[in-house]
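# Structural overview
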Amino acid sequence: MNAIEIVDVTKNYKKFSLDHLNLTLPAGCIMGLIGENGAGKSTTIKLLLDMIQGDGGTITLLGQEHTKCNKEDIGVVMDEVNFPDCLTAKNVGSIMKDVYRNWQQDKFEELIERLHLPWKQPFKEFSRGMKMKLGIAVALSHQAKLLILDEATGGLDPVVRDQVLDLLLDFTREENHSVLMSSHIVSDLEKVCDYIAFLKKGRLLLCEEKDMLYEQYGVVRCTAEDMQVLAEDAVIGKRESAYGVEAIVKKERIPAGWETSPVNIEELFVLMAKEGR
Amino acid sequence: MKGLLKKDLCMLWNYCRSMILILAAFTLVGAFMEDSFFYSFYPVLIVSMLPVTLISYDERFKWDIYCQSLPISRRVQVTEKYLLSLLSVLVVILCCIAAQIYRMLDMAGFNASVIHWGSLPQFVAMLVGLGLISPSLMIPLIYKFGAEKGRMVFFVVVGFFCALGAMVSVKGSMMQVPSFPEFAVILVCLVLFGISWLISVTIYEKKQF
């Protein structure tokens, strides 16, 4: 079963359109959603969560039409964790106990201790990192099968980010647990994701297994004249300087004998995003 | 629903504690004042604004957005606010009735046989009207336009009807305002409250976040 199936989904705004998006996240995997600001990442997540209604297409979450999907099975962390600022972690646990039928208070308490969060400090006194950790502790404490994180690691220091990524990896150790996370921090996605999806101006540029990206794409460094030899569709993106050209290429489309070095997802994203501007 | 009520009660305790104290003080003072009109009706007016205050806080903290990721339907989210509104108005009305009865007894030298109880249903009907009409009008507007714009629209609507009322009363000063039995007033207020809930649910179920 797929955790997420997005088929031909369209959403039109006055100045932006999500254009016939197709995306599949197999169960048990982590997918990273990359894109510039305004690429459509948050729109996609809002559509998944039925916060906005699409203009076309279908969305299936955990085998069910997304509007009928049981939200008990989905843990969500938004870019801002939106608890009223008078609440403490203790209050949040007590409220969520009555919101989720599958709430695990023991697990929540264990996570609060593990993440060194205070029980009685009001939310307004939390740092961004602490807020995010509380949001993640809630998302992980109700036996969710699918986690959806929208820019959850943005603005966090590297130590907290690492803690968050460890929690995600722990979560996916259980069979059929899946994660969709959008982030600007490509290195985070590169660390934990099995699949990478690139969105640009509402269009999906690619959605591929991370290992396949390493296999399919490579970096060539050559002179501007040598670059002319390459077919146009072989070059994903390039950076020219006085010393030559650095280009990300499709390995299968370059002539035999050309040497490539391994691609880095961040470079691939930056060059793909730059291309066609 | 229980989780949402718990969250709102937490917020009430933290943000509206002073309001609760004011309500208690006014109700108590109302019990001992000879002319208790203002002291009896003011607490009900204040408490009728509670759901709107809570919705504004939800918007401010973006809880309304986060709530869409929880296993709580939009209908239940709206219903909880109406339920809280009804319960809080009911509690304050009961306190005001108790204060009014005490005041009536006090004025009659605690001789129940000389008290004119006939004024009590009228008093209750006015409290119910004051407590329910304001949220009935406000909540759908707040759900439709958001807290800031919703309040503005509310003031415009109320201003329009006040101006209309003033014009009608000037031009038709001879016109008699029909009087309704108290139970009919209470019933109409409850029906209005129910219609308002239906409208709010419809608005909120279509809302895009």
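As a convention, each chain's residues are numbered from 1 in the sequence order in which they are written. Labels are handed out in written order, letters beginning with A for the chains and numbers beginning with 1 for the ligands. Only residues with pLDDT of at least 70 are given local features in this predicted model, and only at 80 or more are side-chain atom pairs given and counted; all residues enter the totals for whole chains, interfaces and linings. Where side-chain values are given, they derive from all heavy atoms of the structure, hydrogens and water being excluded.

### Describing the overall build of chain A
- Across its full length, chain A carries nine helices and 14 strands.
- Radius of gyration (C-alpha) of chain A: 21 Å, near the 19 Å computed for a compact globule of 277 residues.
- On the principal axes, the C-alpha backbone points of chain A span a range of 65 × 40 × 35 Å.
- Contacts were defined at the residue level, with two residues in contact if any of their heavy atoms lie within 4.5 Å. By sequence separation, contacts in chain A at least 24 residues apart represent 68% of the contacts at least 6 residues apart.
- Using a 1.4 Å probe, accessible areas were evaluated by the Shrake-Rupley method; residue-level cover was limited to the displayed protein chains. Split by element, the accessible area of chain A, about 12700 Å² in all, is 45% carbon and sulfur.
- Charge-centre separation for chain A: the mean point of 33 positive side chains lies 6 Å from the mean point of 44 negative side chains. In this text, helices come from DSSP runs of H or I with a minimum length of four residues, and strands from runs of E with a minimum of two, each type numbered from the N-terminal end. Here the radius of gyration uses the C-alpha set of atoms, whereas the globule reference equals 2.2 Å times the residue count to the power 0.38. In summary, the charge assignment counts Lys and Arg as positive and Asp and Glu as negative, without counting His or the chain termini. The location of each charge is read from NZ of Lys, CZ of Arg, CG of Asp or CD of Glu.

### Side note on the pairing of strand E4 (residues 56-61) of chain A
- By definition, two strands form a pair when at least two bridges between them are found by DSSP. With five bridges joining them, strand E1 (residues 2-12) of chain A and E4 of chain A adopt antiparallel strand pairing. Looking at the pairing, isoleucine 4 of chain A lines up with leucine 61 of chain A of E4 of chain A.

### Structural notes on the sheet that holds strand E11 (residues 217-222) of chain A
Residues and elements named next belong to chain A.
- Pairing within the open sheet is antiparallel, and its four strands lie in the order E12-E13-E11-E14. Unpaired on one side and paired on the other, strand E12 (235-241) and strand E14 (261-262) mark the two borders of the sheet.
- Sheet topology note: the E11/E14 ladder contains two bridges and is antiparallel. Among the inter-strand pairings, glycine 218 is bridged to a residue of E14, identified as proline 262.
- With respect to the sheet, helix H9 (residues 265-274) is in contact with E11, E12 and strand E13 (244-250), its orientation differing from that of E12 by roughly 90 degrees. The convention used is that axes are lines fitted to C-alpha atoms, helices contributing only their stretch in contact, and that angles between N-to-C directions extend from 0 to 180 degrees.

### Observations regarding the environment of valine 263 of chain A
Residues and elements named next belong to chain A.
- The residue valine 263 is located in the loop between E14 and H9 in this model.
- Counting along the chain gives 159 residues from valine 263 to glutamine 104, while the straight-line C-alpha distance between them is 42 Å.
- The contact partners of valine 263, leaving out residues within four places of it in the chain, are Leu213, Tyr214, Tyr217, Gly218, Val219, Ile248 and Leu268.

### Some details on the interface of chain B and chain A
- The partner chain A presents 26 residues to the 25 residues of chain B that form the contact.
- Accessible surface is computed with a 1.4 Å probe, and the buried area is the amount of it that two parts give up when combined, taken over both parts together. Between chain B and chain A the total buried area reaches about 2400 Å² when both faces are included, carbon and sulfur atoms providing 58% of it.
- By convention in these notes, a salt bridge is any Lys or Arg side-chain nitrogen within 4 Å of a carboxyl oxygen on Asp or Glu. Run the count over chain B and chain A and you get three salt bridges.
- The salt bridge partner of lysine 62 of chain B is glutamate 80 of chain A, with a shortest N-O separation of 2.9 Å.
- Pairs of N or O atoms are called polar contacts if they sit within 3.5 Å, as long as, within protein, a hydrogen donor faces a hydrogen acceptor (for residues adjacent in sequence, only side-chain-to-side-chain pairs). For the interface between chain B and chain A, the tally reads twelve residue pairs in polar contact (both at pLDDT 80 or more).
- Mapped by element, the contributors of at least two residues to the side of chain B that touches chain A are helix H1 (2-15), helix H5 (63-67) and helix H9 (182-206) of chain B.
- The residue makeup of the side of chain B that touches chain A, split by class, is eleven nonpolar, five polar and nine charged. Under the scheme applied here, ten amino acids are nonpolar (Ala, Val, Leu, Ile, Met, Phe, Trp, Tyr, Cys and Pro), four are charged (Asp, Glu, Lys and Arg), and all others, including Gly, are polar.

### Overview of the packing of helix H3 (residues 37-48) of chain B against helix H7 (residues 119-145) of chain B
Residue and element names in this part refer to chain B.
- Orientation of H3 relative to H7, taken along the N-to-C sense of each, is 30 degrees, at an axis distance of 8 Å. Here H3 lies roughly parallel to H7, going by the angle between them. In this structure, the crossing between H3 and H7 has a hand that is right-handed. Contact residues: Phe37, Ser40, Phe41, Val44, Leu45 and Ser48 in H3; Phe123, Met126, Leu127, Leu130, Gly131, Ser134 and Pro135 in H7. Orientation is classified from the angle alone, with under 35 degrees giving roughly parallel, over 145 giving roughly antiparallel, 65 to 115 giving roughly perpendicular, and any other angle giving oblique. Here is the rule for handedness: rotate from the far helix to the near one, and if that takes an anticlockwise turn smaller than a right angle the crossing is left-handed, while a clockwise turn gives right-handed.

### Structural notes on the pattern of salt bridges
Residues and elements named next belong to chain B.
- What the rule picks out here adds up to 19 salt bridges over all chains.
- Lysine 81 is paired through a salt bridge with aspartate 8; the nearest N and O atoms lie 2.9 Å apart. Here lysine 81, found in helix H6 (residues 74-107), pairs with aspartate 8, found in helix H1; they are 73 residues apart in sequence, far enough to count as distant. The pair formed by lysine 81 and aspartate 8 is uniform in burial state, with each residue classed as buried.
- Of the charged contacts in the structure, one is a salt bridge between aspartate 58 and lysine 81, with a shortest N-O distance of 2.9 Å. Of the two residues, aspartate 58 is situated in helix H4 (residues 50-60) and lysine 81 in helix H6; the sequence distance between them amounts to 23 residues. As far as the burial class goes, aspartate 58 and lysine 81 line up, both buried. Here the term buried applies to any residue with accessible area under 20% of the maximum for its type, exposed to any over 50%, and partly exposed to those in between, with areas from a 1.4 Å probe on protein chains only.

### Considerations on the pairing of E1 of chain A
Residue and element names in this part refer to chain A.
- Bridge count for E1 against strand E2 (residues 17-26) is seven bridges, and the pairing is antiparallel. Within E2, the residue paired with lysine 11 across the bridge is leucine 18.
- Counting the residues in the hairpin turn of E1 and E2 gives four residues.

### A short note on the domain arrangement of chain A
All names here are of chain A.
- The domains assigned to chain A are domain 1 (2-201) and domain 2 (213-274).
- An automatic or database domain assignment is the source of the domain bounds shown. Spacing between the C-alpha centres of domain 1 and domain 2 amounts to 34 Å.
- Between domain 1 and domain 2 the total buried area reaches about 810 Å² when both faces are included, carbon and sulfur atoms providing 71% of it.
- Across the domain 1-domain 2 interface, the total number found is zero salt bridges.
- Counting the contacts that link domain 1 with domain 2 gives two residue pairs in polar contact (both at pLDDT 80 or more).
- A class-by-class count of the residues in the side of domain 1 that touches domain 2 yields four nonpolar, two polar and three charged.

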